[in-house]
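Understanding the architecture of this molecule
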Amino acid sequence: MDPAAIAERIINDVAQVKPKEIVLIEADPLDQQMVEELFIAAGKRGASPFVRLSWPNLQRRWLQSVPE
């Protein structure tokens, strides 16, 4: 399957995104192609997609460096 078809299936069938919903797509920057496809698929459903990129090293440093 191509990434666009996978994204459509995730958004439509798995997440069952509805119009006017806010969709947060959190991913590693290396997954850019899939993030783009999910973003477009959510938009086609009338949702408001947002992307949050997360670097594994940055998350680890955050947990180790920032007080609770």
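Our subject in this report is the structure included herewith. What you see as residue numbers is a count from 1 along each chain, following the sequence as written. Only residues with pLDDT of at least 70 are given local features in this predicted model, and only at 80 or more are side-chain atom pairs given and counted; all residues enter the totals for whole chains, interfaces and linings. The basis for every side-chain value is the complete set of non-hydrogen atoms in the structure, without hydrogens or water.

**As for the overall build of the protein**
- Here a strand is any run of E in DSSP of at least two residues, a helix any run of H or I of at least four, and the numbering for each starts at the N terminus. A tally of helices and strands in the protein yields three helices and two strands.
- Along the chain direction, N to C, the helices and strands of the protein fall in the order α-β-α-β-α.
- At 14 Å, the protein has a C-alpha radius of gyration far larger than the 11 Å of a compact globule built from 68 residues.
- Dimensions of the protein, computed from the C-alpha atoms along their principal axes, are close to 40 × 25 × 15 Å.
- Only protein chains enter the area calculation, which uses a 1.4 Å probe; residues under 20% of their type maximum are buried, those over 50% are exposed, and those in between are partly exposed. Burial statistics for the protein: of 68 residues in total, 19% are counted as buried.
- Residues are treated as being in contact if the distance between any of their heavy atoms lies within 4.5 Å. Sequence-distant contacts, at least 24 apart, represent 77% of the contacts inside the protein between residues at least 6 apart.
- A residue counts as positive if it is Lys or Arg and as negative if it is Asp or Glu; His and the chain ends are not included. Note on charges: their place is set at NZ of Lys, CZ of Arg, CG of Asp or CD of Glu. Charge centroids of the protein, computed over 8 positive and 10 negative side chains, lie 5 Å from each other. Two things to know: the radius of gyration comes from C-alpha atoms, and the globule rule equals 2.2 Å times the number of residues to the power 0.38.

**Quick notes on unusual backbone geometry**
- Even without being a glycine, glutamine 16 presents a positive backbone phi close to 50°.
- In this structure glutamine 16 comes out as partly exposed when scored by relative accessible area, which is 46%.
- Positive phi, normally seen in glycine, also occurs at lysine 20, with a value near 70°.
- By secondary structure assignment, the location of lysine 20 is in the loop between helix H1 (3-14) and strand S1 (22-27).

**Side note on a nonpolar patch on the surface**
- Patch membership requires over 30% relative accessible area and the absence of a salt bridge. Like charges are linked within 9 Å, and nonpolar side chains (Val, Leu, Ile, Met, Phe, Trp, Tyr) within 5 Å. Methods summary: accessible areas were calculated by the Shrake-Rupley approach with a probe of 1.4 Å, and residue burial reflects only the protein chains presented. The working definition used for a salt bridge is a side-chain nitrogen of Lys or Arg within 4 Å of a carboxyl oxygen of Asp or Glu. On the surface, a cluster of nonpolar side chains totalling about 550 Å² of accessible area is made up of Phe39, Ile40, Val51, Leu53, Trp55 and Leu58.
- Elements with a contribution of two residues or more to the nonpolar patch: helix H2 (32-44) and strand S2 (48-53).
- If you trace the backbone, tryptophan 55 turns up in the loop between S2 and helix H3 (56-65).
- Residue classification places tryptophan 55 among the partly exposed residues on the basis of a relative accessible area of 46%.

In short, geometric facts, not functional conclusions.
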